[in-house]
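# Observations on chain architecture
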Amino acid sequence: MTQLSNYYVNLRALGNNESYQERLSRLEGDKESLVLQVSVLTDQVEAQGEKIRDLESSLEEHQHKLNSTEEMLQQELLSRTALESQKLDLIDEVSYLKLKLVGMEERQNHNVERQHKAEGLFQELRLLKNKVDELEDEKSQYERKLKATKVLSQNRSSATTERMEDTSMSDLSPVSSGVDSGQQSPVSQENMKNKKSIRKLWGKIRRTQSGGLQGDDLEPTEFRRGGFRATAGPRLARTPDSDMSLPFSKWTTEQVCGWLEDYGLGQYVNLTRQWVISGQTLLSATPQEFEKEMAIKHPLHRKKLQLALRSFSNKAMEKSSELDHMWVTRWLDDIGLPQYKDQFHESRVDGRMLQYLTVNDLLFLKVTSQLHHLSIKCAIHVLHANKFNPSCLRRRPGDENKTSPSEVVQWSNHRVMEWLRSVDLAEYAPNLRGSGVHGGLIILEPRFNSETLAMLLNIPPQKTLLRRHLATNFNSLVGLQAQQEKREYANASGHTPLTTTAKVRPKKLGFTNFSHLRKRRPDDSADYICPVDGGISPILNGISHRPQGSFRGLSPIVDRDTDRLDQVVSKS
C-alpha cells in the first residue's frame, strides 16, 4: 500500500515533467509487478492458513491422547495407593502375628518346664508307690508267719497237764514278744516313714502350678492342669481350683511365682522362689530389694511390679490393668508409632504402665521426638476419656460427610490415612506411616495445625494450591471450636510452632531443684505424662474450654503448673 501511494505521488509529479510518458510507462510496469507480488503473497497466506488449521487439528488430537494418558495414570496411582494400604495392613498383621508367636513360644516353654517338673514328681511318686507295695508284701508275709506261730502255740498248750501249760506259756511268751517286737517293729517303722514321705510329696504337689491331684485319685499316668494358666488376653486368668480368694499377702511361694509368669515377668521366677516366703515378702519389699534379691535391673520391670503390688495393697482394680503388654504393641500400631513396639514389648509396658507413664520412661524407651511424646500423651488422654476401653480407636472409614470432632478424636493412624484418600490426597497418605498422627493428636494438641500436617506429608511449600486444599479440609475436619482454639494459641505471645525435628531431653538439675526432689512423692501425679485430672485444664490464661466429650483443654506442653516442665525441648 505504501508503494501504491508513492506511485500516485510520483504520477502527479510527472505531470510537470517533460518526460511524462516515459515515467508513466515505468510506473505502470512497477504497478504490474506489485500486483503480481500481492497475488503471490495472498496465495502464500492461504497456504499458511491451511497449515495452521492442520496443526490445530493435530494439537487437538494430541491433547485428547494426553488427557486419556493422564486418566490412565491417575487410575494406576489410585490402584497403587490401594496396594500400599493393603501392604501396610499386611505388615501390621505380620508384626502382630510375630509378637503373638513369641508370646506363645514363651508360654510353651513355661508349660514344658512345668511338665518336666510334674513328670519328675510323678516318677518319684511311682518309685515310692512301688516301695510301699514291696513293704505291704513284706508286712503280709510277717503277718502270715505270726498267725502260724500263734496256731502252733495253741496246739501245744492244749496237749499238756496244767503244769506243762504254765511252762509252755512261759516258754512261748518270749517267742511271741520277740515276734511282735523284733519282727513287727521294723515293718511298722518303715511303713510310718513311707507314709510321711508320701504325705510330704502330696503337699508339694498341691503347692505347684500343675496341681489338681487329690488324695486317693492320684494316678502316675494322669496329668491334669490347674492353678494359673498363661493367657494372651488382658486379664490374669486362673482356674477355680486355685485358692486365690486369699489376700495377696497370704499367697504361697508357688502362687506368687505363677502370678509373675502370667504377668510377663517369668524370667525372675527362679530367684523369687529362693527369696519369697509369701506374698507379704513382695508387699513389704523396697525397690532396692527387688533389684538385689530378684535381680530386676530393668527400671520399667520394677515399676510394673510396684504398680501391681500397689493395686493389691489398695485392693482397687483399675480398668487399665486389664490391658496386657501384647495389647499395647497393637495400640502403638493404631496411633502410628510401630517403630517403638520392640522397646515397649521388651519393657513389658501394659495398660497400667501407660496410665502412670512419665517423660523419663519414654526417654528410657528411646522415644526422643517431641511430636511422638505429644502423640503418646494425646493417645493416653483418649484412653482416659474412654475409661481404657481397648476398642475405643477406630480403624475403618465411615461416612466422611458426617464426622464430628468427638468422632475424629478416636481415629487411628490408619483412619487418618483413609481420610486423606477421601480428600484426593492419596499419594501423600503413606507418608503418615510412623509419624504418630492420629485423631487425638489432631484435635487435642493446640499447636498441631494444617501446616504441621503438610510438613509430615512432605507437601512442598511451593505447592500453595495443594496446601490450601489441605488446610480447607483440615479446618472442616476439626470443627469451628478447635479452629478458634488453635488460632488463639498461635497468636499468643511466646508461641513456638510445632516442628518435626524437635527433641525432648532430660532436664539438668541444679542445686535449687533438690528441695523439690525431697518434697516430691514417688507417686506424684505431676510426673506423669498424662495425669488423670489433666483433661480439662485450660491451655491459655483466660480461656475456659468447654468439655467436648471430655476431650477439650489438653495442652501437652503448656500446663497450669510451670513446675511440670521437667524437660528441655531443643531443635536438632
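Looking at an unreviewed UniProt entry, one finds the protein named PPFIA binding protein 2a and attributed to Astyanax mexicanus. Entered under Function (unreviewed entry) in the UniProt record, the comment concerning the protein runs "May regulate the disassembly of focal adhesions. Did not bind receptor-like tyrosine phosphatases type 2A." Comment text from UniProt for the protein, heading Sequence similarities (unreviewed entry), reads "Belongs to the liprin family. Liprin-beta subfamily."

Tallying secondary structure elements over the protein gives 19 helices and two strands in all. The burial tally for the protein puts 40% of its 572 residues in the buried class. Counted over contacts in the protein with a minimum sequence separation of 6, partners at least 24 positions apart contribute 66%. Accessible surface, the protein as shown: approximately 33900 Å² in total, 52% of it carbon and sulfur.

Formed by 63 residues in total, the largest nonpolar core has its most connected members in W331, F344, L354, I376, L432, F448 and L470. Secondary-structure elements contributing two or more residues to this core are α8 (299-314), α9 (325-334), α11 (351-355), α13 (370-385), α15 (413-422), α16 (439-444), α17 (450-456) and α18 (464-491). For this core, the leading source of residues is α13, giving eight residues. Non-local contacts of L432, meaning those with residues more than four positions away in its chain, are made with N413, V416, M417, L420, V437, L453, L456 and L457. W251, L260, L282 and L309 belong to the second largest nonpolar core, which has 20 residues in total.

Moving on, we come to unusual backbone geometry. The backbone of K366 sits at a positive phi, close to 70 degrees, despite the residue not being glycine. Considering the arrangement of structural elements, one finds K366 in the loop between α12 (359-364) and α13. With a relative accessible area of 60%, K366 lands in the exposed category. One non-glycine residue, K387, adopts positive backbone phi at about 55 degrees. Structurally, the position occupied by K387 is in the loop between α13 and α14 (405-408).

Counting across every chain of the model gives nine aromatic pairs. Geometrically, the ring pair formed by F248 and W251 is tilted, given 4.8 Å between the ring centres and 55 degrees between the ring planes. The buried category is assigned to F248, whose relative accessible area is 5%. A centroid spacing of 6.4 Å and a plane angle of 20 degrees characterise the contact between W327 and W331, whose relative ring orientation is stacked. Placement of the pair is W327 and W331 together in helix α9, with a separation of four residues, close to one helical turn. Overall, the relative accessible area of 2% leaves W331 in the buried class.

With 10 of 10 residues buried, helix α4 (residues 253-262) is to be regarded as a mostly interior element. Along α4, the residues that are buried comprise T253, E254, Q255, V256, C257, G258, W259, L260, E261 and D262. Looking at the residues trailing α4, positive phi occurs at G264, about 90 degrees.

This next bit is on the UniProt feature "domain: SAM" (unreviewed entry) in the protein. UniProt annotation of "domain: SAM" (unreviewed entry) refers to residues 251-315, 328-386 and 411-442 when read in the numbering used here. Helix makes up 44% of residues 411-442 and strand 0%. Its end C-alpha atoms lie 9 Å apart.

Take the pattern of salt bridges next. Tallied over the full model, the rule gives 16 salt bridges. Salt-bridge contacts for D89 lead to R395; the nearest nitrogen and oxygen are separated by 3.7 Å. With a gap of 306 residues between them, D89 in helix α2 (residues 20-159) and R395 in the loop between α13 and α14 connect regions that are remote in the sequence. Residue class for R395 comes out partly exposed when judged on its relative accessible area of 25%. Among the ionic pairs, E445 bridges to R447, the shortest N-O distance being 3.7 Å. For the pair formed by E445 and R447, the shared burial category is buried.

You can see H345 is positioned in helix α10 (residues 341-346). Residues in contact with H345, not counting those within four places in the same chain, are L99, V102, H325, M326 and T329.

Moving on: a negative patch on the surface. The grouping of D133, E134, E136, D137, E138 and E143 at the surface amounts to a negative patch. Structurally, E136 can be placed in helix α2.

This brings us to the environment of K341. If you trace the backbone, K341 turns up in helix α10. The spatial distance from the C-alpha of K341 to the C-alpha of W331 is 9.3 Å, given a sequence separation of 10 residues. Residues contacting K341, with those up to four places away along its chain left out, are S95, L99, T329, L332 and D333.

Looking now at α8. For α8, built from 16 residues, the straight-helix expectation of 22 Å at 1.5 Å per residue is met to within 8% by its first-to-last C-alpha distance of 22 Å. Where α8 is concerned, the buried positions are L300, H301, R302, K303, K304, L305, L307, A308, L309 and S311. Summarising the contacts, the buried residues of α8 are in contact with α4, α6 (279-283), α7 (287-293), α10, α11 and α12. Positioned one or two residues after α8, K315 has a phi angle of 55 degrees, which is positive.

Parameters at a glance
- Residues numbered from 1 in each chain as written.
- Predicted model: local features only at pLDDT ≥ 70, side-chain atom pairs only at ≥ 80, totals over all residues.
- Heavy atoms only, no water.
- UniProt positions renumbered as here; feature names shortened; annotations may be inferred.
- Helix = DSSP H or I, 4+ residues; strand = E, 2+ residues; numbered from the N terminus.
- Buried < 20%, exposed > 50% of the residue type's maximum accessible area, 1.4 Å probe, protein only.
- Contact = heavy atoms within 4.5 Å.
- Areas by Shrake-Rupley, 256 points an atom, 1.4 Å probe, with all protein chains shown as cover.
- Core = buried A, V, L, I, M, F, W, Y, C linked by side-chain atoms within 4.5 Å.
- Phe/Tyr/Trp six-rings, centres within 6.5 Å; stacked < 30°, edge-to-face > 60°.
- Salt bridge = Lys/Arg side-chain N within 4 Å of Asp/Glu carboxyl O.
- Patch = residues over 30% accessible without salt bridge, like charges linked within 9 Å, V, L, I, M, F, W, Y side chains within 5 Å.
- Lys, Arg positive; Asp, Glu negative; His and termini not counted.
- Charge placed at Lys NZ, Arg CZ, Asp CG, Glu CD.
- Expected span 1.5 Å × (residues − 1).

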